Amino acid sequence: MTPILAEALARDAERIETALAVMLPEMPGPERRVVEAMRYAALGGGKRMRPFLVLESARLFNVNPDCALRVAAAIEMVHCYSLVHDDLPAMDDDDMRRGRPTVHKAFDEATAILAGDALLTRAFEVLADPLTHGDGNVRSELVLTLARAAGAEGMVGGQMIDLDAEHREMDIGIIMRLQRLKTGALILFACEAGAVMGHAPAQLREALRGYAQDLGLAFQMTDDLLDVEGEAGDLGKAVGKDAARGKATFVSLLGAARARDQAHMLAEQAVTHLHAFGAEGACLRDLALWVVERRS
Ligand code: GRG
């Protein structure tokens, strides 16, 4: 990782942590357990890549950093909800996430379901709040775009295909579709959010979409490689689960060497979309190149 990217990621991760802690305040009363589980899920871990993409894309259009931070926190809440639900026994059944027990292990299944639900709804509450953007049309577009990215046309749809993957033959086309929805849709929203907040011209918004689509696939291919070649200690979660379940992935279909080559090619292709931003796109460029080298 380049020093500039390391510094920017660390600085933004700290800002996100503080924003999330403020937006998910501890609560008195009998309902406090669900808030404790939400805070457990959202605070103190993760690479914070999606919020970083929001903050960086917003910076390109001189968006007010406090407004961008709220959108960044909202997308991290949706991401954390998806991890909490994905780890449940009915889905991936994982005991460890971000180096500690999953929410249903630390609390219980019903609390984990509710914490995920409440993180998802809180995210939309944050987006719809006038503090997030002074222009109601922008707030409405953020809500609409994130709803599409997270729902059945996006992440949830991808998760459905993924759950089916254990029971039927999958080819590369369906795996691409699965990943475009499951991980790609939120990454796409993260990169577009800055353009939406900054009323960016269509051509620049399209450039960010192109970057996001290549980045999302490169990220997922690397995720599949890490499941085969990574260390549970580095990743903070179990490895080898896809193969154990006989699940088709980019690695099982392409082989590790080709998947690695493809991931690098996609990362380089992602960078080509950033030309229009000149030196301002340096952190996004470094991120794309790091995503395929990462060990966690
Ligand atoms: C339950 C609706 C629903 C969706 C779940 C995102 C997802 C869909 C499942 C997560 C399982 C998984 C390992 C997906 C592969 C890619 C991915 C999203 C990895 C986790 O994202 P990172 O690496 O995690 O950014 P951190 O912890 O760094 O935030």
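Just so it is clear, the structure is predicted and the values come from calculations on it, not from any experiment. (Residues numbered from 1 in each chain as written. Predicted model: local features only at pLDDT ≥ 70, side-chain atom pairs only at ≥ 80, totals over all residues. Heavy atoms only, no water.)

Trainee: Before we go on, may I ask you to explain the packing of aromatic side chains in this structure?
Mentor: Remark: the centre distance and the inter-plane angle together describe each pair of aromatic rings, the angle taken between the planes. Tallied over the full model, the rule gives two aromatic pairs. An angle of 75° between the planes, with centres 5.6 Å apart, marks the rings of Y40 and F107 as edge-to-face. Of the two residues, Y40 is situated in helix α2 (residues 32-42) and F107 in the loop between α5 (103-106) and α6 (109-128); the sequence distance between them amounts to 67 residues. Here F107 falls in the buried class, since its relative accessible area comes to 18%. Aromatic pair F61 and F277: ring centres 6.0 Å apart, planes at 85°, arrangement edge-to-face. One end of the pair, F61, is in the loop between α3 (49-60) and α4 (65-86); the other, F277, is in the loop between α14 (256-272) and α15 (282-291), and 216 residues separate them in sequence. Comparing F61 with F277 shows no difference in burial state: the two are buried. (Phe/Tyr/Trp six-rings, centres within 6.5 Å; stacked < 30°, edge-to-face > 60°. Helix = DSSP H or I, 4+ residues; strand = E, 2+ residues; numbered from the N terminus. Buried < 20%, exposed > 50% of the residue type's maximum accessible area, 1.4 Å probe, protein only.)

Trainee: What is the right way to read the side chain of T222 from this model?
Mentor: Relative to the helices and strands, T222 is located in helix α10 (residues 202-229). A distance of 2.8 Å separates the side chain of T222 from the backbone oxygen of A218, its partner in a polar contact. Contact partners of T222, with chain neighbours within four places excluded, come to A263, V291, V292 and R294. (Polar contact = N/O pair within 3.5 Å; in protein donor to acceptor, adjacent residues only side chain to side chain. Contact = heavy atoms within 4.5 Å.)

Trainee: Would you explain the nonpolar core in this entry?
Mentor: Soluble, globular proteins show a tendency: their nonpolar side chains are buried together. Counting 97 residues, the largest nonpolar core has L53, L119, L142, M197, Y211 and L287 as its most contacted members. Considering each element in turn, this core owes the most residues, 14 residues, to helix α9 (residues 172-197). Once residues within four sequence positions are removed from consideration, L119 is found in contact with L24, M38, A41, A42, M77, C80 and Y81. (Core = buried A, V, L, I, M, F, W, Y, C linked by side-chain atoms within 4.5 Å.)

Trainee: Please clarify how the site of the ligand should be interpreted in this entry.
Mentor: In the vicinity of the ligand, 20 residues are found, and the nearest of them are K47, R50, H79, D86 and R98. Taking K47, its side chain carries an N or O atom lying 2.5 Å from an oxygen atom of the ligand. A distance of 2.8 Å separates an oxygen atom of the ligand from a polar side-chain atom of R98. When the ligand sits alone it has 690 Å² of accessible area, and the protein chains cover 93% of it. In terms of residues, the shell around the ligand owes the most to one element, α4, which gives six residues. In terms of residue class, the shell around the ligand is made up of six nonpolar, seven polar and seven charged. (Near = heavy atom within 4 Å. Areas by Shrake-Rupley, 256 points an atom, 1.4 Å probe, with all protein chains shown as cover. Nonpolar A, V, L, I, M, F, W, Y, C, P; charged D, E, K, R; others polar.)

Trainee: Is there a simple way to explain a nonpolar patch on the surface in this structure?
Mentor: On the surface, I172, M176 and L253 cluster together to form a nonpolar patch covering roughly 220 Å² of accessible area. Looking at where M176 falls in the secondary structure, it is placed in helix α9. The exposure class assigned to M176 is partly exposed, which follows from its relative accessible area of 33%. (Patch = residues over 30% accessible without salt bridge, like charges linked within 9 Å, V, L, I, M, F, W, Y side chains within 5 Å. Salt bridge = Lys/Arg side-chain N within 4 Å of Asp/Glu carboxyl O.)

Trainee: In this structure, what is going on with the pattern of salt bridges? I would like to understand it.
Mentor: Two side chains carrying opposite charge are able to pair once their charged atoms lie near each other. A complete count under the given rule lists 26 salt bridges for this structure. E76 serves as the salt-bridge partner of R98, at 2.9 Å between the closest nitrogen and oxygen. Here R98, found in the loop between β1 (96-97) and β2 (100-101), pairs with E76, found in helix α4; they are 22 residues apart in sequence, far enough to count as distant. Each of the two residues, R98 as well as E76, counts as buried. Put simply, R209 and E192 hold a salt bridge, and the shortest N to O gap is 3.1 Å. With R209 in helix α10 and E192 in helix α9, this pair connects stretches of sequence that are 17 residues apart. You can call R209 partly exposed: its relative accessible area is 24%.

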